[in-house]
Amino acid sequence: MLIVLSCAVLVLAAGMVVLFAMFGELSARVGESGMVERSTEVRPLEGARLGQVPDSWPPTIGDPGTGEFTVLVLSSVCASCADIAAQLTEKPGHADWQTMGVVISTSHRDVGENFVTQHGLGGLPHYVDVGGEWVSGEFDVRMSPSALVFRDGRLVGAYIFHDVAALRAAVTGTMAAADQEPEKEEAWTERRG
Amino acid sequence: MDGTKRVTGGKGGVRIGRRHFLAGAGASGLAAAGVVFGFAKPALALVNAGCCTLYCNPSHNLSQCETGTYYVWECTESSGYLYCNCCEHGNPGYRCSKTPCQNCNSSNYSSYSCQYP
């Protein structure tokens, strides 16, 4: 009798575990669909040194090459940057964005590396920028989340964004327009500068 | 009859089997719980303040934080219209395993300040 009762308790316990697992999965899925709507606006970041060709370039974020390259600037103290990291890594993510690298501005190297690990950014080209010295020193940028767009190694755009897909579309569109009408892009850059 | 004989007898054998079964079930349950929960990496929940995520509950103002060894960075919230300056003084995140960090003190602390542009 006791064995039968024990088996029943075990079965019930297993059932409870499965039930809680199902609740967890359900809440995760509801959370995904009911997430706070983020702004898709991509706004110019004032004060960045447009036209600047950096003296140094962290090799771990990829080669800027001769075309367009985008650097996303995140920070370990920025709550919205965690959301950007999630957009970059969670399905479908943006691992296919070949001309993109991530810079993580942080107070200390271990804090920045924790941020990379915690948010699964290790698979993307990235650089831990201690003190934000590279980003602030080269481009006078101390804001996250922000994006720096380079063309031929030169900073041609700096933006504040919260939606990676919207940023990517904007950057791609801007660059396509620049390819078609270089004079207009140059004039736009000069106005911004 | 003493206790030893009872447990080795017919009915006692059943009792031993029962005990073994229950002990095994309990041990299996503990092992399973250990596997499921024991190896889970403890989540480090930081302190959210505006669009900042800090190691310590903000305890100083921004101008106090921006002295000596500090790290300050600006962020915008998801709507993009609230700007905050987030500051960590010293190294409150050093070997921090739970928040607010155990090493938050007068040398290692956090602060923030938000405004609309």
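The written sequence of each chain sets the order in which its residues are numbered from 1. Working convention: letters from A go to chains and numbers from 1 go to ligands, in the order in which they are written. Under the rules for a predicted model, residues below a pLDDT of 70 receive no local features and side-chain atom pairs below 80 are neither given nor counted, while totals for whole chains, interfaces and linings still include all residues.

1. Thoughts on the environment of Arg168 of chain A
All names here are of chain A.
Link 1 in the chain: Relative to the helices and strands, Arg168 resides in helix α5 (residues 164-180).
Link 2 in the chain: Sequence spacing of Arg168 and Val102 is 66 residues, and the spatial spacing of their C-alpha atoms is 14 Å.
Link 3 in the chain: Once C-beta atoms are placed from the backbone, any two residues with those atoms within 7 Å are in contact. The contacts of Arg168, once residues within four sequence positions are left out, are His94 and Trp97. Under the scheme used here, helices are H or I runs from DSSP no shorter than 4 residues and strands are E runs no shorter than 2 residues, and both carry numbers assigned from the N terminus.

2. Structural notes on the sheet that holds strand β5 (residues 143-144) of chain A
Two modes of strand pairing occur in sheets, parallel and antiparallel, and in both the strands are linked by backbone hydrogen bonds.
Link 1 in the chain: Strand pairing requires that DSSP identify at least two bridges connecting the strands. The four strands are arranged β5(A)-β3(B)-β4(B)-β5(B) in an open sheet whose pairing can be described as mixed. Because the sheet does not close on itself, it has two edges, and the strands there are β5 of chain A together with β5 (109-115) of chain B.
Link 2 in the chain: By the bridge criterion, seven bridges tie strand β3 (residues 70-76) of chain B to strand β4 (residues 83-89) of chain B in an arrangement that is antiparallel. The residue of β4 of chain B that forms the bridge with Val72 of chain B is Cys87 of chain B.

3. Digging into the environment of Val116 of chain A
Link 1 in the chain: Of note, Val116 of chain A is situated in helix α3 (residues 109-118).
Link 2 in the chain: Sequence spacing of Val116 of chain A and Ser76 of chain A is 40 residues, and the spatial spacing of their C-alpha atoms is 9.0 Å.

4. A closer look at α3 of chain A
All names here are of chain A.
Link 1 in the chain: Here α3 has its buried residues at Val111, Gly112, Phe115 and Val116. The arc that holds the buried residues of α3, viewed along the axis, is 140°, so those residues lie on one side. For α3, the exposed residues lying more than 90 degrees away from the buried face are Arg109 and Thr117.
Link 2 in the chain: Contacts made by the buried residues of α3 are with β3 (100-106) and β4 (126-130).
Link 3 in the chain: Of the residues flanking the end of α3, it is Gly120, one or two places downstream, whose phi is positive at about 65°. Partly exposed residues are those whose C-beta has more than 12 but fewer than 20 other C-beta atoms within 10 Å; with 20 or more the residue is buried, with 12 or fewer it is exposed, and the C-beta atoms are placed from the backbone. The arc in question is the one traced by the directions running from the helix axis out to the C-beta atoms.

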